[in-house]
Each structure stands twice: as structure tokens, then as C-alpha cells.
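# Structure at a glance
Here are the chains, one letter per residue:
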Amino acid sequence: MTKAMLDVVGLNKEFQVKPKSAKLFAKPTKVQVLSDISFELYEGETLSIVGESGCGKTTLGRCLVKGIPATTGQVIYRTEEEERVDFLKLKGKEAKRLRRDIQMIFQDPYSSLSPRMSVFDIISEPLVANFKLSRSEVEERVKDIAEKAGLNASYLRRYPHAFSGGQRQRIAIARALIMKPRLIVCDEAVSALDVSIQAQIINLLKDLQEQFKITYLFISHDLSIVQNISDRVAVMHLGRIVELAPTKALFAGPKHPYTEALMSAVPQPDPEADHSRIILDGEVPNPAHPPSGCHFHPRCAYRTEKCELQSPELREIADGHSVACHYAEQLNLRGVRHD
Amino acid sequence: MNTSTIFKKKVPTTAKVPRPGKQDDKSDLNYSSQWKLMYLRFKKHKLARISIVILGLLYIVALLAQFIAPYSLQSYDSKYVNAPPTLPRFVDAEGKFHLRPFVYELKSERDPETMRKIFVNNEEKRYPLQLFVKGEDYKFLGLFRTDIHLLGVEQPGRIFMLGTDGMGRDLFSRIVLGSQISLSIPLVGVGISFVIGLILGGISGYFGGWIDSLIQRIIEIIRSFPTLPLWMALSAAIPPRIPVVTMYLYIVIIFALIGWTDLARVVRGKFISLKNEDYVVAAKIAGVSDTKIIIKHLLPGFISYLVVATTLAIPGMILSETAMSFLGLGIRSPATSWGVLLQEAQQIENVALYPWKLFPLGIVILTVLTYNFLGDGMRDAADPYKK
Amino acid sequence: MTTQPLATEQPLLSVRNLKIRIQMDNGVMNAVDGVDFEIQKGKTLGLVGESGCGKSLTSRSLISLNPKECETSGSIHYRPSDSEGEKGIDILSLEPNGKAIRSIRGRRISMIFQEPMTAFSPMYTIGNQIMEAIRIHRTKDKKEAKQIALQMLSKVGISDEEKRFDQYPHEFSGGMRQRAMISMALSCNPELLIADEPTTALDVTIQAQVLELMRSLQQEFGMSILLVTHDLGIIAQMCDEVAVMYLGKIVEQAPVKELFRNPKHPYTKGLMRSMPRLGGGKEKRLESIEGSVPMAIDMPPMCSFYERCKDRIEGVCNASAVPITSISEDHTVRCFLYSEPEGGESP
């Protein structure tokens, strides 16, 4: 397999939440949004992070691009020159230089584009901010990238409000691409789009990956999209990675009960399919008061006493397949039938 | 399948065009900047448009006050104390029509029953209304001395279009001259509080933490002061015998010191909400520097709201100035403002017997209303992207 | 109505030629443009389409909930089971917000929305709000109303209902709120439940719970459901009959199995192909529908899908309005590919 481009080691993120009590000097409570996240991201692959709302997937993405600071942990980045640096600790010029390598696409194409700038200005902003280029050079680059993202060059003078969701997402993609990044973090990049447009954007992302050898970290809640775009999948639950595996292996044979339940819950567009599904009891737990032991145990059908007391480690049980479940080997879980 | 080629032949028709004006400028709107869209929406607000015209007129009058007012601040005539308004007329006592409007001479008489002084028209003496008459001299726009006034009648005739006050001063002239102070103090006051609010609110919102808390506490303290005693305290600190200009300056500063808190809050709130907008994060990730982010993304994001907040703050300032002068805390005679004029209307007998003394009130109401309508229109236009 | 062959059983609700026009600044938008459908007793009809296709407006017009700017025409005949005559009530002819419609709304036809947070007033407890609906429509007695409300809460799977009854909406999680809304909607035994994207705001595992709940409650209460959604997966799981909407028109309508087995309209086909489904892989390319949905403003009489259609026939599809063609007894499609060609042309 190819080399790891990003090596995330023990990433933690705590948020401070103002306490509900009316005490003037009450200490803010801490909510552990990410706890001890470690994984490797290989060059040229698409790694998806899936999970339900509040599982910390969006926070993870933002921490990686330094949109918000991580509390502790390292993100070892291997540069094009094969240097290994801690991306989170970079300062000054080097930080600015390497920051270009990691870009991001956001969920909501309406709020991620400044309504006050023309499309041309939006796409060219990163270029102008980082390089001293002549006007014609900038123009050339922008036109080139816009074309690659499937935008008509004659629309570049327009403002974002003139575009539909799908086209706005293309603009956002063009903005990310113009820095020739090596890694793009896609935070629910297609979730806000209509089904027919979703497919267009997924295909575009795949094409661009092929063409520019980009690595994607694809954050999504939708397992069916994840399966269609990723090489490997990490399932998150309440700030922890509970399962990490190559896509095929994961969908064919999930090893964590949560993964199994997630897959089973996806409604299939086939009225004749088997509708018997695993329905989890109860709610997604509140990250502010996580359950003891394995965070999933209150909803898990296979729980034992051990699960309530002991928090399982993420361990590799097969080649490239890691699970955080005490009984990963014993359980025989249901996957998805492959076409 | 090549998505890019497909896309090119399509016109983006789903454009969420925010309330475009007419169909013919539909395609044009796609190229319109935010300000253009705001202008288009503002244009649709009828009241705001009327207000802008009225306000424009008021400010032109204020600017040319000495020229428009027939008499100066100093001029008074004890012969004409509490004279009622004399409007120019076209038809004389015999029913004859005159092309040129005129006024009769005013004669004071005693009411035989109440022994009260009343004014009657002396129908023998007609003074035709004249344009560009010579009167007291003044400095036109502060540039050169002249004695030409827009309207007037030949001496010794007098014209009191809105009557006179208890010292025989022409009310119309005083309203016009008073507008200079009443209309400019709020602007200057709001201007100063705008700057303070922008800086302190910006610091508060951008840096957060203890400095934010500090500024917020200061704001709360200032806001919790009852305004009336605060004015009284502050104006007590102003030495009583100072030139009008200095007094004016002090009053503006008092207003600015109280008024900035609202704006600081608006600025802070906007800073905080915009700081976490995706497009700001996107710019950060793209390597855009902090200063550039503030100037290019944050400021334009809420400058329109600020303009609105400022506009809506002006009427409050006008009322404050009026109230302060009304209480005798601000500008003092012979310098005048609308508040000073209303001071005279404090006594009930004045209002009952000489109702024209309430005219300045009408002007204050008109100004405050037009500013409010203008602010409304601007608020509607400020966010051209909402439905 | 006499031309309509009498079905073995009268449908609960029949919508005929429903049109909703909205005056926009740049023209008239035909948000809903001649929609016909029927909802059978105890069955679920799915209304599926992308954003802006008019599915929400259509569903809301069934209980006159649309804003004033919407100019609505056509007919919506509702035949309650304790029918007053054959014809039933034309909901559109009722005065909006009048007494008659209010006695239907919430009582006989009720609705659940996508965002349950906005459906509850934050100022009152959940219990209070459920009771209010019951006291308006079912019983004036406070004690009895509370009994019914508690019963409903436990029916929708809210445990500890006595305690939950006195809680405020913000103390409920998203899934719980949706359950509470369902309990409120069902508290008066409605004959028709309109569910507008009921699970879109929820997580997958919670969505599965809520869908399951809706199905079991339907069996228990025997009500009809109009399910409005963009998700074909939910449609496949929940519905008996499906209507696919595109730009204000129903382009295809069929029983659910027939539709998924044998989709006819190019748009339906495209939707099904472009939907990523479990079982695919990265190597497999999704098929997408080109372009984007146009605005339905001042549309000429032609197929609204024309510009995005792969199988379009120039000079036919963009020349006149498309009639509805029957594929089989209960499968209709609005496409020239299946209609008798006028000039003898054949695709």
C-alpha cells in the first residue's frame, strides 16, 4: 500500500461548555468531543468518516485543517519533499506554505461562499493571498480550474446568488483546487444537494481525484454515499473511532455492532428487499454525559457487564481492519449484500 | 461522461435571485454585487424613498438656514410679542385678487372684554412678499457676508409665517436656524459613537475572552445609568458661560459616550456570528491573513447592518437633544435648537393661548418619523439574500 | 365526477387538477401545475421529488395551510368515513381558517413536519400542547384529555410518560420531539396523516425508529398516510403507491413495486440510477442527471424535464404539453415516449 500522508496520533478535542448553574464562578464543564483519535491517511485514497450527529466527525475535519485548534495530539504530515512535520505545530512561513496542501469543502454551499464576492474573486482569493501573480496569470489559472470543476468560464463575473446548490458546490471545489492541494477534507460535501445533483458532484470528485491524485477525507453521515466514494471507512461514535476498515471488508462484514446497526438502518430503494432491520433502542447519547465503558453499550444488543465497565481499545483484528469492541471476534454481524 | 461539457450548454436557471426588480434586469442581477441588490430592494420601499426626499429637504434648509430665515437669532421686537402666524395671502379684504402674495401690517390691540393683547390686521397697509430681500447681514455658508434673504417683506413690515414667541422673535426663523443644531448634533454624535462602537465592539467580538467580558461589563454599567440624572450630572460639569460652539461640542460628546454601547453590541454580535461562517473559515484555510479576513470578509458582512443600526440610532439622538434642551440642560438662548423652542411650550397657558408654539414639535416628529422609515427601508434592503 | 368509474371503494381523498400559482417579482411561478392523485383508505401514498418540485406545497394545500400568496385552484375532495353524501367535502371551497376547515385540520387530517422543534411552542410543556389538541377536538374534560395524551405518549414509545408530559420541547431530543409530534398528530384519531419529510432532520438510527413507529401506528389506527420525501429508500420501505413529482407536475405514478421494478419516465429512471445505494462500490460510477432543476417561471407548454432528458425528442417534447399516458391499469406516466405519437413518429 502507499505511504501514509497524514498520521493522526492521539488527537483530543475538548469543548468548554458554560454550566447551567447560576453560580457566578462555576467552572465550565468539559465535553470530550474527540478522544484519542488515531489513524493514518494514505496518499491518493479516500478515507470516509461516518457517524451520526454529535459524533465529532465535523470537529475532526476542522481540527485537521486547523479551522479550530485541537486540545492535544499530533497530526504528522509527510510533505512532498518527504519531510515529516507536525502539521498542528507549524508556525509562520512554513505553516502558510503547507497549509495550501490541505483544503476543505463545506456542507452548505450557501454559507461557504461569501455573497459579497464574485465567483472569480472567490476562486482566486487563495491564489492572491499566497502568491504574487500577475492579473493575467491569475485569470488563466482561475479559468483553467473553473473548467475542471465544470463551471462555464463566462459565469465567473457573476455573484454566488446566481447559482444553484450544485453549481455553488462546484465553485467551492474550484476554490479548494486552485491551491493544488494534496488533501481535501470534504465535510458533508454532498449532503445538502438534491439526489440528481449529488451524483454529479460525487462523480466530479472522483474524476478530480484520478486527474490530480488528490487524497480525500470524506466526512458524511450517509453510508450509501460513503460506500460509493471511499477506499476505507472509519466509523465514529461519540468522539471515538469504533471501526476502521477497507470499504469492501467493512460493508461485507462489519465487526462492530454499531456499524451493523447503521448499515441496517439505511432505507434501501427496493420495496422487495428484506425489511427486517436492527432498530436501536433509545437515543444517541449526549457527548456531555457519555455512558461508562463502551459508549455504545446502552444501545447495544450484545452487551455484557464487561461493556459497561471497560472501554474497549481500537485493535486490529484482520489486515487493515480495526475494531473497538470486546467481542469483535465472537460476534457474527450482518453486512450488506454486494451486487 | 464528461460533466464539464454538459454543464456548459446549460444556463443556470435555478438561480435564487433575491426579489429581482423586473424581468428585463433578471439576467443582469446575476452580475449584481450586494450593494446593487440592496439598492434594488431599497428602491421598492416607498416610504423610505419619500423619507429620503424629506430628509434631503430638511438638511438643505439647515445648510442654508441663514439665507432662508427672514430674521436672525438676535432680532426681536417687543411690539410683536406672541403674534399669531400671518400667512401670505392672495386675496385682500375687498376680495380683490393679487398676483403677488402679500401680508398686512399687524396692529396690536386690547381685547375689550378680556383686556388681553391681540393682533389684528391693518388692512390699509399691504406689504407684498418679496424674494431676495435685503435684511440683516450674515455669512453665507460661512464663506462671505451678504444681507440677501430668500423671503421677506419691505421694512418696516414684518412677516411671521409661524408666529412669534414671548420675546417677539420670529418662530419660523428660529425653527429654521435651530435645525442646524438639532439636525447636526445627532449626526456628529452618532458618528463618534459609531467609531467607538466599531472599535470596542470589534475588539470585544474578535478577541473574546477577558477583554470581551471587560468591555461587556462596561457597556452594562453605562446602560444601567438612568439617562436623565446622567445628563444632569454631565451638563452640570459643563461651565455655564461658554461659547455656543464649545457647548455644542460638549453635548455631542455626552451623547456619544452614552450612545456607543448599542452599536458596540451590534458589532460584537456580528463579529462573533460571522467569525464562524463557513466562508470565513474557508478563507482562513486558504491562507488569507487575519487583517485581510477582517477587511474583506467580516466588515463587508455587517457594514450594511451597521449603517442601518446607525440610521435607527439617529432619531433617538434627536429626541435626546430635544429632551435635554427642553429641560434647559443643553443649548441655551439666544442660540437655539428645537428643544430650546419647545422649552417655551412648557407652560400650559402658552400652549393654550399660543398653540403655534408647538410647531417645532411637529418638525421633530416629522424628522424622527422619516429617519425611522429610512432605517426601515435600509433594514429591509440590508440583507438582499434573505427571502 | 360522473365520468370517473366508481371504484370498489371510494378513495379517502382525491385531488383533481390542483394548481398553485405564486406571483413572483419576475413572473408567475406555477409551483404546482395540474396535480391529480387519490389516497385510499388505510394506504400510504408517497410523494417524491427534489427540492422545489412542489411536493410540500401540494401536501399543505390539503389542509389549506399554504400562505396567502399561493393562488390555489382545482379540487380536493375529502370523503370522511362517516361520509356526508357521496361527494364529501371540497377542501378548497372551504374558507381558509374558517370553522369548517379547522374542524378537519388536526381532527381528521393532521400533519407532522420536518423540524419538530418549530412545531411546538417553546413556552408550553409537551403535555399541555398535546392536551390542547385533544381538548379542541375530542373532549372538553381536562382529566380525560390528560389520560388520552399520556396514552398517546406511551404509544409512540416515550417511556416515563408522566414525567415527559411536564417537560418542555427543548428538553426533548430530536427523535423524541418527532415522536411527541406524531403522538399529537394522532391524538384525535385522524383518518389521514400528512408527513412532510418526517425524518430528514434525524439520524439514520433514529429515522429507522420513527419510520417503524409510523408503520406500526398505521396498522393500529388504520389511517392513511401521505408521505412527502426526497428519499427513494424511505418510499420503498413505507409506501403502497408512489407519485413522482418534477417541477410541479406528477410525472409518474404507480404502485411501489411496479414503480421500482418498471420505472418508465426518464426522470424516475435517472433518480433511481443516480441514487447511491448500499452494495455499490467506488469503482462503480453513479449515473447522474445532467444540469439542474430550472425555475418554473413562465414555462411554455412543453415537457419540463426536456432540457435534462437523455431521451428527448426534439420537436415533440418541446412542442406541446405532455399528456398522461397509462402504461397499465394503475401505472401512469407523463412522457411522449409512451404516448401514441401524433404524427406517426416513433422514438
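What you are looking at is a predicted structure, and each value in this text was computed from that prediction instead of being measured.

## Things to note about the overall build of chain C
- Across its full length, chain C holds eleven helices and twelve strands.
- Compactness check: chain C gives a C-alpha radius of gyration of 21 Å against a globular reference of 20 Å for 347 residues, within 12% of the reference.
- Its C-alpha atoms give chain C principal-axis dimensions of about 70 × 55 × 45 Å.
- Of all 347 residues assigned to chain C, the portion counted as buried reaches 49%.
- Contacts spanning at least 24 positions in sequence make up 63% of the contacts within chain C whose residues lie at least 6 apart.

## Focus on the overall build of chain B
- Within chain B, the regular secondary structure consists of 14 helices and five strands.
- Here chain B has a C-alpha radius of gyration of 27 Å; the compact-globule value for 387 residues is 21 Å, and the former is much larger.
- With 387 residues in all, chain B has 37% of them scored as buried.
- Restricting to contacts in chain B with at least 6 residues of sequence separation, those with at least 24 account for 68%.

## Digging into the confidence of the model for chain C
Residue and element names in this part refer to chain C.
- Here chain C averages 85 in pLDDT, and 93% of its residues register 70 or above.
- Below pLDDT 50 for its whole length, residues 1-7 participates in zero contacts with residues either more than four positions away or in separate chains.
- For the stretch residues 343-347, pLDDT sits under 50, and the model shows five contacts to residues farther than four places along the chain or on other chains.
- Across the interface, the model reports ipTM at 0.84; the global pTM reads 0.77.

## Quick look at the interface of chain A and chain C
- Facing 46 residues of chain A, the contacting portion of chain C comprises 41 residues.
- Contributing elements (two or more residues each) for the side of chain A that touches chain C: helix 5 (165-177), helix 6 (195-212), helix 7 (223-229), helix 8 (247-252) and helix 9 (257-265) of chain A.
- For the side of chain A that touches chain C, the element with the highest residue contribution is helix 6 of chain A, accounting for seven residues.

## Focus: the domain arrangement of chain B
Residues and elements named next belong to chain B.
- Considered domain by domain, chain B is made up of domain 1 (52-61 + 173-382) and domain 2 (74-166).
- Computed from C-alpha atoms alone, the centre-to-centre distance between domain 1 and domain 2 is 38 Å.
- Taken together, the contact between domain 1 and domain 2 spans seven residues of the former and eight residues of the latter.
- Among the residues forming the side of domain 1 that touches domain 2, the class breakdown is five nonpolar, no polar and two charged.

## Thoughts on helix 8 (residues 204-221) of chain C
- With 18 residues, helix 8 of chain C ought to run about 26 Å at 1.5 Å a step, and its terminal C-alpha atoms sit 25 Å apart, in line with that.
- Within helix 8 of chain C the residues assigned to the buried category are Val204, Thr205, Ile206, Gln207, Ala208, Gln209, Val210, Leu211, Met214 and Leu217 of chain C.
- Buried-residue contacts for helix 8 of chain C involve helix 9 of chain A together with helix 7 (174-186), strand 7 (192-196), strand 8 (224-229) and helix 9 (232-238) of chain C.
- Downstream of helix 8 of chain C by one or two residues, glycine 222 of chain C has phi in the positive range, about 65°.

## Section: the UniProt feature "domain: ABC transmembrane type-1" (unreviewed entry) in chain B
- According to UniProt, the "domain: ABC transmembrane type-1" (unreviewed entry) feature falls on residues 179-375 of chain B.
- The span residues 179-375 of chain B is 82% helix and 0% strand, and its two end C-alpha atoms sit 20 Å from each other.

## Let's talk about the interface of chain A and chain B
- Opposite the 36 residues of chain A that make contact, chain B presents 31 residues.
- Those elements that provide at least two residues to the side of chain A that touches chain B are helix 2 (92-99), strand 6 (102-105), helix 3 (119-130), helix 5 and helix 6 of chain A.
- Examining the composition of the side of chain A that touches chain B, we find that four residues originate from one element, helix 3 of chain A, more than from any other.
- Each residue belonging to the side of chain A that touches chain B can be placed in one class, and the counts come to 13 nonpolar, 13 polar and ten charged.

## Some remarks on the sheet that holds strand 3 (residues 117-128) of chain B
Residues and elements named next belong to chain B.
- Strand order in the open sheet formed by three strands is 1-2-3, and the pairing between neighbours is antiparallel. Where the open sheet ends on each side, the last strands, each with one partner, are strand 1 (89-91) and strand 3. On average, each strand axis in the sheet is inclined to that of its neighbour by 55°, with strand direction left out of account.
- Note that strand 2 (residues 97-110) and strand 3 share nine bridges and pair antiparallel. Residue valine 103 lies in a different strand from strand 3, and its bridge partner there is tyrosine 127.

## Structural notes on the packing of helix 6 (residues 171-207) of chain B against helix 9 (residues 244-275) of chain B
Residue and element names in this part refer to chain B.
- It is the contact of helix 6 with helix 9, at a shortest axis distance of 5 Å, that shows an interaxial angle of 40°. Between helix 6 and helix 9, the angle is such that the two are oblique. Between helix 6 and helix 9 lies a crossing whose hand is right-handed.

## Remarks on the sheet that holds strand 3 (residues 46-50) of chain A
Residue and element names in this part refer to chain A.
- Reading across from one edge, 6-7-8-3-9-10-12-11 is the order of the eight strands in this open sheet, with mixed pairing throughout. On the outer flanks of this sheet lie strand 6 and strand 11 (315-318), each paired with one strand and no other. Within the sheet, the average angular offset between the axes of one strand and its neighbour, ignoring direction, is 25°.
- Bridge count between strand 3 and strand 9 (residues 232-237): four bridges; the pairing is parallel. Across the sheet, residue serine 48 finds its bridge partner in strand 9, namely valine 233.
- The strands touched by helix 1 (residues 57-64) within the sheet are strand 3, strand 6, strand 7 (183-187), strand 8 (215-220) and strand 9, with strand 8 carrying the most contacts at an inclination of about 150°.
- Strands in contact with helix 9 are strand 9 and strand 10 (240-246); relative to strand 9, the strand with the most contacts, it is inclined by about 100°.

## Structural notes on the pairing of strand 9 (residues 241-246) of chain C
All names here are of chain C.
- When you tally the buried positions in strand 9, you get six out of six residues, the bulk of the element.
- Of the two faces of strand 9, both are covered, the one formed by Glu241, Ala243 and Met245 as well as the one formed by Val242, Val244 and Tyr246.
- Of the strand pairs in this sheet, strand 3 (residues 44-48) and strand 9 are connected by four bridges, and their pairing is parallel. Bridge pairing links valine 48 to valine 244 in strand 9.
- As paired strands, strand 9 and strand 10 (residues 249-255) are joined by six bridges and run antiparallel to one another. When the sheet's bridge partners are listed, glutamate 241 is paired in strand 10 with proline 255.
- Where strand 9 hands over to strand 10, the hairpin turn is made up of two residues, of which leucine 247 adopts a positive phi near 50°.

## Description of the nonpolar core
- Ranked by internal contacts, the top residues of the largest apolar core, which has 272 residues, are Ala174 and Leu217 of chain A.
- Of all the elements, helix 9 of chain B adds the most residues to this core, at 15 residues.
- In contact with leucine 217 of chain A, not counting residues within four places along its chain, are Leu41, Leu47, Ile49, Gly61, Leu64, Leu183 and Val185 of chain A.

## Re the UniProt feature "transmembrane region" (unreviewed entry) in chain B
Residues and elements named next belong to chain B.
- When the UniProt feature table is mapped to this numbering, "transmembrane region" (unreviewed entry) covers residues 47-69, 183-209, 221-242, 248-267, 302-331 and 351-374.
- Secondary structure within residues 47-69 divides into 91% helix and 0% strand; the distance between the first and last C-alpha atoms comes to 29 Å.
- Counted over residues 351-374, helix gives 79% and strand 0%. Its end C-alpha atoms are 31 Å apart.

## As for the pairing of strand 1 (residues 13-24) of chain C
All names here are of chain C.
- Across ten bridges, strand 1 lies against strand 2 (residues 27-39) in antiparallel orientation. Of the residues in strand 2, the one forming a bridge with lysine 19 is aspartate 33.
- Linking two consecutive strands that pair antiparallel, namely strand 1 and strand 2, is a turn of two residues.
- Where strand 1 and strand 4 (residues 70-78) come together, eight bridges link them in antiparallel fashion. For lysine 19, the partnering residue across the bridge sits in strand 4 and is serine 73.

## Points about the confidence of the model for chain B
All names here are of chain B.
- Looking at chain B, the pLDDT average stands at 78 and 91% of residues meet or exceed 70.
- In the model of chain B, helix 1 (residues 3-8) stands out as the element of lowest mean pLDDT, 34, in contrast to helix 4 (residues 46-63), which has the highest, 90.
- This model gives residues 1-26 a pLDDT under 50, and the stretch forms 49 contacts once residues within four places in sequence are excluded.

## Considerations on the packing of helix 6 of chain B against helix 11 (residues 290-326) of chain B
Residue and element names in this part refer to chain B.
- Remark: helix 6 packs on helix 11, axes separated minimally by 8 Å, with the N-to-C direction vectors making an angle of 125°. Relative to helix 11, the element helix 6 lies oblique. Here helix 6 and helix 11 pass one another in a crossing that is right-handed. Together, Ser182, Ile185, Pro186, Leu187, Gly189, Val190 and Phe194 of helix 6 and Thr310, Ala313, Ile314, Met317, Ile318, Glu321 and Thr322 of helix 11 make up the contact between the two elements.

## Looking at unusual backbone geometry
- For glutamate 82 of chain A, which is not a glycine, the phi torsion comes out positive at approximately 70°.
- Inspection of the secondary structure puts glutamate 82 of chain A in the loop between strand 4 (72-78) and strand 5 (84-86).
- On the neighbour-count criterion, glutamate 82 of chain A (7 C-beta atoms within 10 Å) is exposed.
- With a phi close to 50°, asparagine 17 of chain C is a non-glycine residue in the positive phi region.

The rules behind these values
Residues numbered from 1 in each chain as written. Chains lettered and ligands numbered in written order. Predicted model: local features only at pLDDT ≥ 70, side-chain atom pairs only at ≥ 80, totals over all residues. Helix = DSSP H or I, 4+ residues; strand = E, 2+ residues; numbered from the N terminus. Rg over C-alpha atoms; globule rule 2.2 N^0.38 Å. Buried ≥ 20, exposed ≤ 12 C-beta atoms within 10 Å, placed from the backbone. Contact = placed C-beta atoms within 7 Å. pLDDT = per-residue confidence, 0-100. Domains from an automatic or database assignment. Nonpolar A, V, L, I, M, F, W, Y, C, P; charged D, E, K, R; others polar. Expected span 1.5 Å × (residues − 1). UniProt positions renumbered as here; feature names shortened; annotations may be inferred. Pairing = 2+ DSSP bridges. Axes fitted to C-alpha atoms, helices over the stretch in contact; angles between N-to-C directions. Parallel < 35°, antiparallel > 145°, perpendicular 65-115°, else oblique. Left-handed = near helix turned anticlockwise from the far one by under 90°. Core = buried A, V, L, I, M, F, W, Y, C linked by C-beta atoms within 7 Å.

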